[in-house]
There are 2 protein chains.
Amino acid sequence: MLSDGEIANAATLKPISEIASSMLGIDDASVLVPYGHDKAKIDLGYISTLADRPDGKLVLVTAISPTPAGEGKTTTTVGLTDALRRIGQRSCGALREPSMGPVFGMKGGAAGGGYAQVVPMTDINLHFTGDFAAIAAANNLLSALIDNHVHHGNALDIDVRSITWKRVVDLNDRALRHLVVGLGGTANGYPREDGFDIVVASELMAIFCLSESLSDLKRRVARIVVAHTRGTKQPVTAADLGAEGAIAVLLKNAMAPNLVQTLEHSPVFVHGGPFANIAHGCNSVIATRTALKLADIVVTEAGFGSDLGAEKFIDIKCRKSGMRPDAVVVVATVRALKFHGGVALPDLQKEDTDALRRGFVNIERHLNNLRNVFGLPAVVAINRFPTDTDAEIQLLRDLTQALGFQAFPATHFVDGGAGAEALAWGVLDELKEGAPNFRFAYPDESTVEEKATALATKLYGAAGITFAAKARKQLAQIAADGFAGLPVCVAKTQYSFSTDPKAIGAPSGHTIDVREVRLSAGAGFIVLVTGDIMTMPGLPKVPASAHIDVDDEGVVTGLS
Amino acid sequence: MLSDGEIANAATLKPISEIASSMLGIDDASVLVPYGHDKAKIDLGYISTLADRPDGKLVLVTAISPTPAGEGKTTTTVGLTDALRRIGQRSCGALREPSMGPVFGMKGGAAGGGYAQVVPMTDINLHFTGDFAAIAAANNLLSALIDNHVHHGNALDIDVRSITWKRVVDLNDRALRHLVVGLGGTANGYPREDGFDIVVASELMAIFCLSESLSDLKRRVARIVVAHTRGTKQPVTAADLGAEGAIAVLLKNAMAPNLVQTLEHSPVFVHGGPFANIAHGCNSVIATRTALKLADIVVTEAGFGSDLGAEKFIDIKCRKSGMRPDAVVVVATVRALKFHGGVALPDLQKEDTDALRRGFVNIERHLNNLRNVFGLPAVVAINRFPTDTDAEIQLLRDLTQALGFQAFPATHFVDGGAGAEALAWGVLDELKEGAPNFRFAYPDESTVEEKATALATKLYGAAGITFAAKARKQLAQIAADGFAGLPVCVAKTQYSFSTDPKAIGAPSGHTIDVREVRLSAGAGFIVLVTGDIMTMPGLPKVPASAHIDVDDEGVVTGLS
């Protein structure tokens, strides 16, 4: 089989105006803001005219706890979108934009794979329409304004030791994690400790993705807390620095959602891309909302397993936007479940139904959580690998069925949308059941501790939650600043229901230790940091960049 | 009169495809890569098909030594382009892209002014088509690869104290001038001193602007010297780090030149934007070359006064690309010449023919240099202000004429292209004279010292040039690395022919002291640093960003 890059390079794309017109009914090409011939933003003014249209159905694609074997969540989202079109549904995808950091590091691209990709793959994986560069510039302008304010007399009395607003780049660059800026003498400002995060880990990315409009964006940016004052420890906001107007100007074009197509010419919005640990891990509210107005079924995804991405999709994105998922797809692979059953990576291609049975506890908890905690119907997509045996597939289907869920093997990676038609019919069946009895994991009015305990005990199988002394102090400051009522965003390893990445399967009775609490006042949530959290990845010894090249005709190789 | 922003916001733009077709004869819209409806890149494949077409005439717009009074070089370039169209010529502009740093700092935008602007002004002044963001990402990927290489064992034996490749952002941020990266323990790499430059001051920006093609770009990037080894002090290049392929991929789309229009719908390429001190200060070779193939007269500009921008345009850009200017326009204002005559800024609106006569020495030297050193015909554009008196204008014309040059008052700022028609006729007259007796300021085979001496004595009126001990040591290393034959790029204050920014007028007999020498092996020149050189500006106490805002309909205010 060809590589992802070879498949994408060989694809024949339709003009994006044709996709918009024939697939989404956008007949007025002037509301498309083209970026090349195969990418376009949808004008925000046009989007505001859609407000009274009924919404389509919303399908959330999530997954089991990720393993090194890979699950294929984005690939399944793309394959399902294509399959729904094939069986006569007006579907549309809504994905996150890839970060460039992993593209040059280890992971490669994030635009699907095989015959289930969004294209133009190279552009989407690199600068795309400039959204992340705009977010980086806006983020770093705020940083420059903070240091500039201190340099020019510090009228706000900012305590430079308290500055929490970090600079960002869209690269993996460990040398920037921790640094001292402002060195070199009086002309360069006051030295202080600082650090860079990757763009997708920034609060501004989360704000970007949760904002309903340009004015909502400006309101959210205005209330970002960047530091505290000396002495009375009052919060210093972006508004205090007069930054929200300029930041909104820098993000004005980026806020319009990006439309592209799958290899099979289904429409997909690819817009925004916050991390699913430090932030909420799903594409922009504006893109999802636009897709819901223009299509009958919208397939979207949330980062990592359902304990992280889906929970935040529900408790943060849905809570704030009023959106509600109509059905959930949980992506699993036989390989990954065998890994959860204790099989080592090199042995995953061997049939092992016992290991599959053992590892099934992982998906069992994800499915039960979706049904029991959130009241959501779910189906399982078995992203089938060539080495999966029929016995393994049958066992996984049987185990799932015994739990009260349907599982559908899907081969969209090899076969495109045709390989996910059974899954598509299964999703359709769920959608016919009517609106689910949807609920959040916790009510707004709970305390931070109650919210965290609800997630730990109801979702993670933990015995309870603890807050380190530092975290308690930070919580007290957040309460004093008036933000104690926000929802929580747990930063936790994606590999386990616990905080130990090695505790695969479905660990129980553990404790979730919150070691740090960070306020994202603009995004509107409180980040609870458990374990190590990576907000700036590093590059491996041989980075992917070493094999990425372009020939004289502009054909890119090594990017997939 | 309306502000620049109000004029630009009120402008009615033509679709860029219509500009390309009716003004430049690009009838196949598929070779335009649109960015919105009013900006487009021209496909590099199409550009390569133009190679056999004859070139149009090339007019270089330069200026007297800049003063705080302002000269209006970009405004004149735009006005002249429009005026040439008005008198029946197929003209096209070729400008640099503005940096975002000054937009939020002090200077405001850089897309012309009044009724001589390129539009869409807001987009051009901000992210535009993403070129600078791409250059920043590519630059910073190389930085990350350097630190990553050292972190993972340093097989190349890089001396971290010798790393000269700095990171960049496209913002004014003094806190990033000098910093220590890699702090925080073994997981974050090795601590070392580092610094950020603004994107336009980077060698990669210069490389981008001098490259003839994607493959030329890759060759140039490969030979960037980022550091030296310990012990034997061998140069370490981007190729040693395997970076050139990934960097070329990141710059692939950016390399295609951007087409926009003036307020009067003349075509203008806006592409690339290196500083005129640390780099060579003119737009990209690809853009100028494309304009020359598509138009009969191309009006381009080079940064600062003719001692900096025009000299580098000739001795670097023309030397490397083979382009030759057919005529030069020197922009002057009565106000600025009175400033050179010793009048203080607040008094410039008062008539003062004596001061004008004294200050004339500045333009006199610029004109003589262009004629005597470079063999180029020049005309003077008097960018007229409302406070200029008729007596002053007449005196300036008389003095210029006595020197053997024509001077044309122009009012394009207020009147658009109609205000620069006399200037356009004057330029046409010069172009009818046939090819000038063009020559460089020094031959390729001179030594670095001879090249520097030629510029100092022939152009700057200096008695001679000195190299500090450190600079001599750096020159020796450059010679040892095999790059002693490159042309020089003098980093000098733009405000004076000397290295003292306060020495206005036409100082003579001074000495040019080179305190530092930097190799730009990829760009292909040797930077001679004289005096202080700013590669990362700071923000003022009240930055322009404080007054920049956007309303709910997306209309931007405060940006001009």
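Residues numbered from 1 in each chain as written. Chains lettered and ligands numbered in written order. Predicted model: local features only at pLDDT ≥ 70, side-chain atom pairs only at ≥ 80, totals over all residues. Heavy atoms only, no water.

**What about the nonpolar core?**
Working step 1: Counting residues in each nonpolar core, the largest one holds 352 residues, and the members touching the most others are L142, L204, F467 and L528 of chain A together with L142, L204 and L528 of chain B.
Working step 2: Not counting residues within four places of it along the chain, the set of residues in contact with L204 of chain B comprises I135, A138, N139, W165, V221, I224, I247 and L251 of chain B. (Core = buried A, V, L, I, M, F, W, Y, C linked by side-chain atoms within 4.5 Å. Buried < 20%, exposed > 50% of the residue type's maximum accessible area, 1.4 Å probe, protein only. Contact = heavy atoms within 4.5 Å.)

**Comments concerning the sheet that holds strand β20 (residues 488-491) of chain B**
Residues and elements named next belong to chain B.
Working step 1: Ordered by their spatial adjacency, four strands build an open sheet running β19-β21-β22-β20, and the pairing between neighbours is mixed. Strand pairing shows two members of the sheet lacking a second neighbour, β19 (464-467) and β20, which therefore form its edges. Taken pair by pair, the neighbouring strands of this sheet meet at an average axis angle of 40°, ignoring direction.
Working step 2: Pairing geometry for β20 and strand β22 (residues 525-530), over four bridges, is parallel. Opposite V490, over in β22, you have L528 as the bridge partner.
Working step 3: Contacts between helix α18 (residues 448-459) and the sheet are confined to β19, β20, β21 (511-520) and β22, with β19 contributing the most and set at about 140° to the helix.
Working step 4: Taken strand by strand, helix α19 (residues 469-480) contacts β19, β21 and β22, and its axis lies near 35° from that of β21. (Pairing = 2+ DSSP bridges. Helix = DSSP H or I, 4+ residues; strand = E, 2+ residues; numbered from the N terminus. Axes fitted to C-alpha atoms, helices over the stretch in contact; angles between N-to-C directions.)

**Some points on the pattern of salt bridges**
Working step 1: Considering all chains together, one arrives at 60 salt bridges over all chains under this definition.
Working step 2: In this structure, the salt-bridge partner of D38 of chain A is K39 of chain A, at a minimum N-O distance of 3.6 Å.
Working step 3: Residues R192 of chain B and D147 of chain B are paired through a salt bridge, measuring 2.8 Å at the closest nitrogen-oxygen approach. One end of the pair, R192 of chain B, is in strand β9 (residues 192-194); the other, D147 of chain B, is in helix α7 (residues 131-151), with 45 residues separating them in the sequence. The burial state of R192 of chain B is the same as that of D147 of chain B; both residues are buried.
Working step 4: Residues participating in the shared-partner salt-bridge network are D147, R167, R192 and D194 of chain A together with D173 of chain B. (Salt bridge = Lys/Arg side-chain N within 4 Å of Asp/Glu carboxyl O.)

**Re unusual backbone geometry**
Residue and element names in this part refer to chain A.
Working step 1: With an omega dihedral of 5°, the bond running from V119 to P120 counts as a cis peptide bond.
Working step 2: For P120, the position within the fold is in the loop between β6 (116-119) and α6 (121-125).
Working step 3: Despite not being glycine, F128 has its phi angle at roughly 55°, a positive value.
Working step 4: Within the fold, F128 resides in the loop between α6 and α7 (131-151).
Working step 5: Accessibility expressed as a relative area gives 9% for F128, which makes it buried.
Working step 6: The phi dihedral of H265 falls on the positive side, at around 75°, and the residue is not glycine.
Working step 7: For H265, the location among the structural elements is in the loop between β13 (258-262) and β14 (267-270).
Working step 8: Given the relative accessible area of 17%, H265 is considered buried.

**Here's the deal with the environment of T457 of chain B**
Residues and elements named next belong to chain B.
Working step 1: Relative to the assigned elements, T457 resides in helix α18.
Working step 2: Residues T457 and N258, spaced 199 residues apart in sequence, show a C-alpha to C-alpha distance of 38 Å.
Working step 3: Excluding residues within four positions of it along the chain, T457 makes contact with A462, A463 and G464.
Working step 4: One polar contact links the side chain of T457 to the main-chain carbonyl oxygen of T453, over a distance of 2.7 Å. (Polar contact = N/O pair within 3.5 Å; in protein donor to acceptor, adjacent residues only side chain to side chain.)

**Notes on the confidence of the model for chain A**
Working step 1: Across chain A, the average pLDDT comes to 96, with 100% of residues at or above 70.
Working step 2: Confidence estimates for the predicted assembly give a pTM of 0.97 and an ipTM of 0.96. (pLDDT = per-residue confidence, 0-100.)

**Observations concerning the sheet that holds strand β20 (residues 488-491) of chain A**
All names here are of chain A.
Working step 1: Strand order in the open sheet formed by four strands is β19-β21-β22-β20, with mixed pairing between adjacent strands. Looking at the sheet topology across the chains shown, the edges are occupied by β19 (464-467) and β20. Here the average twist between neighbouring strands, direction ignored, is 40°.
Working step 2: Sheet topology places strand β21 (residues 511-520) next to strand β22 (residues 525-530); six bridges connect them, and they run antiparallel. If you follow L519 over to β22, its bridge partner there is I526.

**Describing the side chain of K451 of chain A**
Working step 1: Locating K451 of chain A in the fold gives a position in helix α18 (residues 448-459).
Working step 2: Here D444 of chain A takes part through its backbone oxygen, which lies 3.1 Å from a polar atom of the side chain of K451 of chain A.

**A closer look at the domain arrangement of chain A**
Much of the literature gives interface size as the accessible area that the parts lose upon coming together.
Residues and elements named next belong to chain A.
Working step 1: Domain boundaries in chain A define domain 1 (4-130 + 254-431), domain 2 (131-251) and domain 3 (448-530).
Working step 2: Computed from C-alpha coordinates alone, the two centres of domain 1 and domain 2 are separated by 32 Å.
Working step 3: Between domain 1 and domain 2, a total of about 2100 Å² is buried, with carbon and sulfur atoms accounting for 62% of that surface.
Working step 4: Of all residues in domain 1, the largest losses of buried area upon contact with domain 2 belong to G130, A254 and M255, amounting jointly to 26% of the total for that side.
Working step 5: Connecting domain 1 to domain 2 are two salt bridges.
Working step 6: The shortest N-O distance in the salt bridge between K41 and D131 comes to 2.7 Å.
Working step 7: Our enumeration of links across domain 1 and domain 2 arrives at 14 residue pairs in polar contact (both at pLDDT 80 or more). (Domains from an automatic or database assignment. Buried area = accessible area lost by both parts, 1.4 Å probe.)

**Here we look at the interface of chain A and chain B**
Working step 1: Listed as interface residues are 69 residues of chain A and, on the opposing side, 69 residues of chain B.
Working step 2: Interface area, chain A with chain B, both sides summed: about 5500 Å², of which 65% is carbon and sulfur.
Working step 3: Taken together, the connections running from chain A to chain B amount to four salt bridges.
Working step 4: The partner of R167 of chain B in a salt bridge is D173 of chain A, with the nearest N and O atoms 2.9 Å apart.

**Some words on the relation of the copies chain A and chain B**
Working step 1: Take chain A, turn it by 180°, move it 0.0 Å along the axis, and it overlays chain B with an RMSD of 0.0 Å. Here the transformation between the copies is reduced to the relation of a two-fold axis. Using C-alpha coordinates, one finds that chain A approaches the rotation axis most closely at Y35 of chain A, a distance of 2.3 Å.
Working step 2: With an isologous cut-off of 70% or more, the 100% of interface residues of chain A that recur at the interface of chain B puts this contact in the isologous class. (Least-squares fit on C-alpha atoms with pLDDT ≥ 70 in both.)

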